[in-house]
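Letter by letter, the chains look like this.
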Amino acid sequence: VQETSAPDVAAYAKTYGLTYPIGFDATAAIFKTYQAYGLPTQIFIDRTGHVSSVYRGPVTIPLAEQLLKPILAAPGARSVP
């Protein structure tokens, strides 16, 4: 969010050992579209591309598992909380 160029993003990723794909939102359009006005913000998107949930704040592993469970469930299956 605060980086101003793709090389800045690459440097940030390298500094923090981030090995997953990272997109550079140069115009902040995505940041604004998803209303990610605080950091960190996690946006969970389902298999169909719809936002399943938005969590503003740090996510623990148990919370991430809870938020991902309905997304990872078989299509058409109902998730049990």
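Our subject is the structure that appears above.
Basis of the calculations
- Each chain has its residues counted from 1, following the order in which its sequence is written.
- Where local features are concerned, this predicted model is filtered to residues with pLDDT of at least 70; where side-chain atom pairs are given and counted, the filter is 80 or more; whole-chain, interface and lining totals use all residues.
- Side-chain measures here rest on the full set of heavy atoms in the structure, leaving out hydrogens and waters.
- Helix and strand assignments follow DSSP, with helices taken as H or I runs no shorter than four residues and strands as E runs no shorter than two, numbered in order from the N terminus.
- In this treatment the radius of gyration is a C-alpha quantity, and the globule benchmark scales as 2.2 Å times the residue count to the 0.38 power.
- Buried, partly exposed and exposed residues are distinguished by accessible area as a fraction of the type maximum, computed with a 1.4 Å probe on protein chains only: under 20%, between the cut-offs, and over 50%, respectively.
- Note on areas: Shrake-Rupley with a 1.4 Å probe; residue coverage comes only from the protein chains shown.
- When charges are counted, Lys and Arg contribute as positive and Asp and Glu as negative, whereas His and the chain ends are disregarded.
- Here the site of a charge means atom NZ of a Lys, CZ of an Arg, CG of an Asp or CD of a Glu.
- Residues forming no salt bridge and having over 30% relative accessible area are the ones grouped into patches, like charges within 9 Å of each other and nonpolar side chains (Val, Leu, Ile, Met, Phe, Trp, Tyr) within 5 Å.
- Whenever a carboxyl oxygen of Asp or Glu lies within 4 Å of a side-chain nitrogen of Lys or Arg, that contact is scored as a salt bridge.
- Should any heavy atoms of two residues lie within 4.5 Å, those residues are considered in contact.
- An arc is given here, and it is the one of the directions from the helix axis to the C-beta atoms.
- In protein, a polar contact means a hydrogen-donor-capable atom and an acceptor-capable atom, both N or O and within 3.5 Å, with residues adjacent in sequence counting only if both atoms are side-chain atoms; elsewhere, any N or O pair within 3.5 Å suffices.

## Points about the overall build of the protein chain
For step 1, the next point in the chain: Counting its secondary structure elements, the protein chain contains three helices and two strands.
For step 2, the next point in the chain: Along the protein chain, helices (α) and strands (β) appear in the sequence α-α-β-β-α when read from the amino end.
For step 3, the next point in the chain: Its C-alpha radius of gyration of 15 Å places the protein chain more than 25% over the 12 Å reference for a compact globule of 81 residues.
For step 4, the next point in the chain: Overall, the protein chain is about 40 × 25 × 20 Å in size when its C-alpha atoms are taken along their principal axes.
For step 5, the next point in the chain: Across the 81 residues that make up the protein chain, the buried fraction comes to 16%.
For step 6, the next point in the chain: When the accessible surface of the protein chain is summed, it comes to about 6,500 Å², and 60% of that surface belongs to carbon and sulfur atoms.
For step 7, the next point in the chain: Distance between charge centres in the protein chain, computed from 6 positive and 5 negative side chains, equals 10 Å.

## A closer look at a nonpolar patch on the surface
For step 1, the next point in the chain: A cluster of nonpolar side chains, namely I45, V51 and V54, defines an oily patch on the protein surface of about 210 Å² accessible area.
For step 2, the next point in the chain: One can find V54 in strand β2 (residues 51–56).
For step 3, the next point in the chain: On the accessibility criterion, V54 (34% relative accessible area) is partly exposed.

## Notes on the side chain of S53
For step 1, the next point in the chain: Within the secondary structure, S53 is located in strand β2.
For step 2, the next point in the chain: The exposure class assigned to S53 is buried, which follows from its relative accessible area of 18%.
For step 3, the next point in the chain: If we skip the residues at most four places from it in the chain, S53 touches Q42, I43, F44 and L67.

## Overview of helix α3 (residues 61–72)
It helps to recall that an α-helix has 3.6 residues per turn; residues three or four apart then point in one direction.
For step 1, the next point in the chain: The complete set of buried residues in α3 reads L63, A64, L67 and I71. The buried residues of α3 occupy an angular sector of 100° when projected down its axis, which confines them to one face. Exposed residues lying more than 90 degrees from the buried face of α3 are I61, P62, E65, Q66 and L72.
For step 2, the next point in the chain: With a side-chain oxygen positioned 3.2 Å from the backbone nitrogen of L63, the residue opening α3 is T60.

By themselves these figures say nothing about function.
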